[in-house]
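One letter stands for each residue in the lines below.
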Amino acid sequence: MNILLTGASSFTGYWFIRQLAGRGHTVFATFQGSKDSYSGLRKRRIDELPEGVVRVWNAPMLSTRLQNLVDEVGRWDLLCLHGACVTGYRNPDFDFVHALKNNTEGLLGLLERMAACGMKRVIATGTVYEANEGFGEEPLRAFSPYGLSKSLTWQVQQFCAQNLGLHLGKFVISIPFGPFEESRFTSYLMKTWHEGKVAEIRTPLYIRDHIHVSRLALHFADFAENLKGVAGSSRCAPMGYVESRGAFALRFAAEMRPRLGLDCGVVLGEQKEFSEPFMRVNTQMIDLPEGQWREAEAWDELAANYRPEDVSPNTP
């Protein structure tokens, strides 16, 4: 397939492209900035993309560069709307109105242009923290202003795709972890252990859904390859390790301890804060064909690729 994927410099975007390209698809990876505008972890991801991936610089959805590319290629099979405004996504004052505009500006024109070139299928990636996604405490409201921006973005994506008679698939992401990730819960654990300290888990009771990013990418590629080419909709919301944060931290420690030769100590604190929903997890336990994904190898890869300079001092 000829696949156009936005959000290619992101953690999950890198893994999705790696899996799709590995299956023989031609992936056009779009970037909003120039090649020289990327640094740090995002630059490392871009540099590690497989050979054959077409890197398209300065190409937000509204850009002439992207419009010309669509016409030049001439035949399209799939659009993956993975890019989203995420700067400051943890902040309570995250500007969801600005994010919505950034996520959707130029979308209808891009869909029309690609549909004229034969494209009938679209995937939009969402988050379990959107309104009416996942399983947990009712009502399933948007988890945060960022979650709200993704909820509103999905509404626009639905409207545009349905008006053009496209098949729109939604791929819902919970909490991925693995090599090339940003500063997150697992990077806090790794940094603490590399410093020879014990990791304190302050909110061990929350029930969450962590998934190996390599497994997530396999589910994404399977979903992409099996989307129907007729008007309609479908969804995929793969579950990972559904358990308390404390239990997951202990699982993570048990996997990393023998691989890294570190103590990987964990202390579960007494949780006093319950400002977030107690439980929010994905909804589908999806089996993979035997041999397609090996859990032990995924943990091996994580341990081998996690370097001290990649982790962050942020506490959980």
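Please refer to the structure higher up on the page.
Let me begin by describing the structure that accompanies this report. Since we're looking at a predicted model, the values are computed, not measured.

### So, the packing of aromatic side chains
The description of two aromatic rings rests on the distance between their centres and on the angle between their planes. Under the defined criterion, the tally for this structure stands at 24 aromatic pairs. Residues Phe171 and Phe223 carry aromatic rings whose centres are separated by 6.1 Å and whose planes lie at 35° to one another, so their mutual orientation is tilted. With Phe171 in strand β7 (residues 167-173) and Phe223 in helix α8 (residues 213-225), this pair connects stretches of sequence that are 52 residues apart. Comparing Phe171 with Phe223, the two get one shared label, buried. Ring geometry for Phe248 against Phe252: centres 5.9 Å apart, planes inclined by 50°, an arrangement best described as tilted. Taken together, the positions of Phe248 and Phe252, both in helix α9 (residues 245-260) and four residues apart, correspond to about one turn of that helix. Judged by relative accessible area, Phe252 falls into the buried class, the value being 0%.

### A short note on the side chain of His82
Residue position: His82 is located in the loop between β4 (78-81) and α4 (96-104). A residue is classified by how much of its surface remains accessible, and His82, at 9% relative accessible area, is buried. A distance of 3.3 Å separates the side chain of His82 from the backbone nitrogen of Gly13, its partner in a polar contact.

### Considerations on the sheet that holds strand β12 (residues 241-244)
One open sheet accounts for three strands, arranged β8-β10-β12; its pairing is mixed. At either margin of the open sheet sits one strand with a lone partner, and together these are β8 (175-177) and β12. For this sheet the average axis-to-axis angle between neighbouring strands, irrespective of direction, equals 40°. The pairing of β8 with strand β10 (residues 207-212) spans three bridges and is classified as parallel. Directly across from Pro176, in β10, lies its bridge partner Ile211. Relative to β10, α8 is tilted by about 80°, and along the sheet it contacts β8 and β10.

Conventions and cut-offs
Residues numbered from 1 in each chain as written. Predicted model: local features only at pLDDT ≥ 70, side-chain atom pairs only at ≥ 80, totals over all residues. Heavy atoms only, no water. Phe/Tyr/Trp six-rings, centres within 6.5 Å; stacked < 30°, edge-to-face > 60°. Helix = DSSP H or I, 4+ residues; strand = E, 2+ residues; numbered from the N terminus. Buried < 20%, exposed > 50% of the residue type's maximum accessible area, 1.4 Å probe, protein only. Polar contact = N/O pair within 3.5 Å; in protein donor to acceptor, adjacent residues only side chain to side chain. Pairing = 2+ DSSP bridges. Axes fitted to C-alpha atoms, helices over the stretch in contact; angles between N-to-C directions. Contact = heavy atoms within 4.5 Å.

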